[in-house]
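# Chains, contacts and geometry: an overview
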Amino acid sequence: MSHARKEYRDFQALAPDVYEIVLALGKAAANAGIDKQLLELIKLRASQINGCAFCVQYHILQGKSLGISADKLNLVVVWREAPQFSARERAALVAM
């Protein structure tokens, strides 16, 4: 099984301008005071919607490192039916 970090440079090289913009957006959200766990759930859901396997794997690993339970990470794809998500998390995910 590959690890997301192993392919990180390939991902950066694929579209360097887009990569820089994505980084800037993430920094802006973090600087706005959005909770890191909530932000990671949002990034994971966006990656699922975009169909980016690399990004999904990356954000799952990031979520785990931030202390998000594996149960919650696995259920982001069906968050509407899963009772693990708070009202705040649901509000963020519905906006997508």
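The written sequence of each chain sets the order in which its residues are numbered from 1. Since the coordinates come from a predicted model, pLDDT governs what is reported: local features require at least 70, and pairs of side-chain atoms require 80 or more to be given and counted, while whole-chain, interface and lining totals use all residues. In computing side-chain properties, one takes all heavy atoms of the structure into account and sets aside hydrogens as well as water.

## A closer look at the packing of aromatic side chains
Only rings of Phe, Tyr and Trp enter the pairing, Trp through its six-membered ring, and a pair is recorded when the two centres are within 6.5 Å. The plane angle decides the type: under 30 degrees is stacked, over 60 is edge-to-face, the rest tilted. In this structure the tally under the stated criterion is one aromatic pair. Considering the side-chain rings of Phe54 and Tyr58, the 6.3 Å spacing of their centres and the 10° angle between planes classify their relative orientation as stacked. Of this pair, Phe54 and Tyr58 both sit in helix 4 (residues 53–65), four residues apart, roughly one helical turn. Only protein chains enter the accessibility calculation, which uses a 1.4 Å probe. A residue is then buried if its area is under 20% of the maximum for its type, exposed if over 50%, and partly exposed in between. We classify Phe54 as buried; its relative accessible area is 12%. For the purposes of this entry, the term helix denotes a DSSP run of H or I that reaches at least four residues, the term strand denotes a run of E that reaches at least two, and both are numbered from the N terminus.

## Some remarks on the nonpolar core
The nonpolar side chains of soluble globular proteins are, as a tendency, buried together. Working definition of a nonpolar core: buried Ala, Val, Leu, Ile, Met, Phe, Trp, Tyr and Cys residues. They are joined through side-chain atoms within 4.5 Å. Counting 10 residues, the largest nonpolar core consists of Leu41, Leu44, Val56, Ile68, Leu73, Val76, Trp79, Ala82, Phe85 and Leu93. Contacts were defined at the residue level, with two residues in contact if any of their heavy atoms lie within 4.5 Å. With residues up to four places along the chain from it excluded, the contact list for Leu44 reads Val56, His59, Ile60, Leu73 and Val76.

## Let's talk about the packing of helix 3 (residues 36–50) against helix 6 (residues 87–94)
With their axes 10 Å apart at the nearest point, helix 3 and helix 6 run at an angle of 35° to one another. Once helix 3 is placed against helix 6, the crossing between them reads as right-handed. Side by side, helix 3 and helix 6 meet where Leu38, Leu41, Ile42 and Arg45 of the first sit next to Arg88, Glu89, Ala92 and Leu93 of the second. Classification convention: Asp, Glu, Lys, Arg as charged; Ala, Val, Leu, Ile, Met, Phe, Trp, Tyr, Cys, Pro as nonpolar; all other residues, Gly among them, as polar. In terms of residue class, the contact of helix 3 with helix 6 is built from five nonpolar, no polar and three charged. Helix axes use the C-alpha atoms of the stretch in contact, all axes being lines fitted to C-alpha atoms, and the angles between their N-to-C directions lie in the range 0 to 180 degrees. Should the near helix be turned anticlockwise from the far one by less than a right angle, the crossing is left-handed, and should it be turned clockwise, the crossing is right-handed.

## Examining the side chain of Ser47
Within the secondary structure, Ser47 sits in helix 3. The exposure class of Ser47 is buried, given its relative accessible area of 6%. With near-sequence residues (within four places) excluded, Ser47 lies in contact with Cys52, Cys55, Val56 and His59.

## With respect to the pattern of salt bridges
Salt bridge, as applied in this entry: a Lys or Arg side-chain nitrogen positioned within 4 Å of an Asp or Glu carboxyl oxygen. A full pass over the atoms with the stated rule returns one salt bridge. Glu89 serves as the salt-bridge partner of Lys72, at 2.9 Å between the closest nitrogen and oxygen. Of this pair, Lys72 sits in helix 5 (residues 70–75) while Glu89 sits in helix 6, placing them 17 residues apart in sequence. Of the two residues, Lys72 and Glu89, neither departs from the other in class, the shared state being buried.

## Things to note about the environment of Gly33
Along the chain, the position of Gly33 falls in the loop between helix 2 (16–31) and helix 3. In sequence terms Gly33 and Asn74 are 41 residues apart; their C-alpha atoms lie 25 Å from each other.

## Section: the environment of Ser69
Considering the arrangement of structural elements, one finds Ser69 in the loop between helix 4 and helix 5. Linking Ser69 and Gln84, residues 15 residues apart in sequence, is a C-alpha distance of 9.7 Å.

## Some points on the layout of surface pockets
Using only the protein atoms, space was sampled on a 1 Å grid; points where a 1.4 Å probe fits but cannot get out form cavities, open sets with protein on both sides within 12 Å along at least five of seven lines form pockets, and lining residues are those with an atom within 4 Å of a point. Grid points are joined across faces, edges and corners, and a volume is the space filled by probe spheres set on the points. Roughly 760 Å³ of volume is contained in the largest pocket. In this structure, the largest pocket is lined by 26 residues; those nearest its centre are Val22, Gly26, Lys43, Tyr58 and His59. Counting residues per element, the ones that place at least two in the lining of the largest pocket are helix 1 (8–14), helix 2, helix 3 and helix 4. Of the residues that constitute the lining of the largest pocket, the class distribution is 16 nonpolar, six polar and four charged.

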